[in-house]
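Per-entry structural report
The lines below spell out each chain.
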Amino acid sequence: MPGRPGPPRPAPPAQRTSRDAAPAAKPGPSAAPAADGPQIQLIPASVEGALDAAEEAVDLLLDSGRTPGDVLVITTGEQHPWATHELSFGEASYWAQHDAGDDVFYTDAQVADRAEARPVVVVAVNGGPESVTATALKAAHARAGSLLIVCGDPQRINSVLGAGV
């Protein structure tokens, strides 16, 4: 009898109650992360491997159900090949893709302040001066809605941030 549809039928009213309670509970937790900022994940990688680590992180995000438009990737050193390719068609076309918001968007740390917030921001610390890395991490933190993933050398990242990530 427990496997029959009868017991699951009483469960939906309980679920409705849970759903009714969940929105009341969500404003509290939502407010707390907004005040504290996004969850931060550090993926240790060398300068040479940071871009590959960021790519793997993006693949995992997409495989886990994130939509491509949820993700912004910022590089601190050499631009991501996608950004280089898209910029070859001109900045207007490149930023129009950003504004459309329907795909993963890759940008350089030096112009990351122009990018809009997204639920997930991935930073590839793949070179560049520490001042650029610091600016990129601040921009990424400000733009990440719920998750900030930083790929790079933990010692360098911590020294730039001045504290453990």
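The shown structure was predicted, so the numbers you read here are calculated from the model rather than taken from an experiment.

Focus on the pattern of salt bridges
Per the counting criterion, the structure on display carries two salt bridges. A salt bridge links Arg66 to Asp70; the shortest N-O distance between them is 3.8 Å.

Overview of the sheet that holds strand E4 (residues 118-124)
Across the sheet, five strands lie side by side as E1-E5-E4-E2-E3; this open sheet has parallel pairing. A strand with exactly one partner marks an edge of an open sheet, and here the two such strands are strand E1 (39-44) and strand E3 (105-108). Going across the sheet, the axis of each strand differs from the next one's by a mean of 20 degrees, ignoring polarity. Bridging between E4 and strand E5 (residues 144-152) involves six bridges; their strand directions are parallel. Across the sheet, Val122 pairs through a bridge with Ile149, a residue of E5. Sheet contacts for helix H6 (residues 130-143): E1, strand E2 (71-75), E4 and E5; angle to E5, the most-contacted strand, approximately 150 degrees. Contacts between helix H7 (residues 154-161) and the sheet are confined to E1 and E5, with E5 contributing the most and set at about 125 degrees to the helix.

What counts, and where the lines are drawn
- Residues numbered from 1 in each chain as written.
- Predicted model: local features only at pLDDT ≥ 70, side-chain atom pairs only at ≥ 80, totals over all residues.
- Heavy atoms only, no water.
- Salt bridge = Lys/Arg side-chain N within 4 Å of Asp/Glu carboxyl O.
- Pairing = 2+ DSSP bridges.
- Helix = DSSP H or I, 4+ residues; strand = E, 2+ residues; numbered from the N terminus.
- Axes fitted to C-alpha atoms, helices over the stretch in contact; angles between N-to-C directions.
- Contact = heavy atoms within 4.5 Å.

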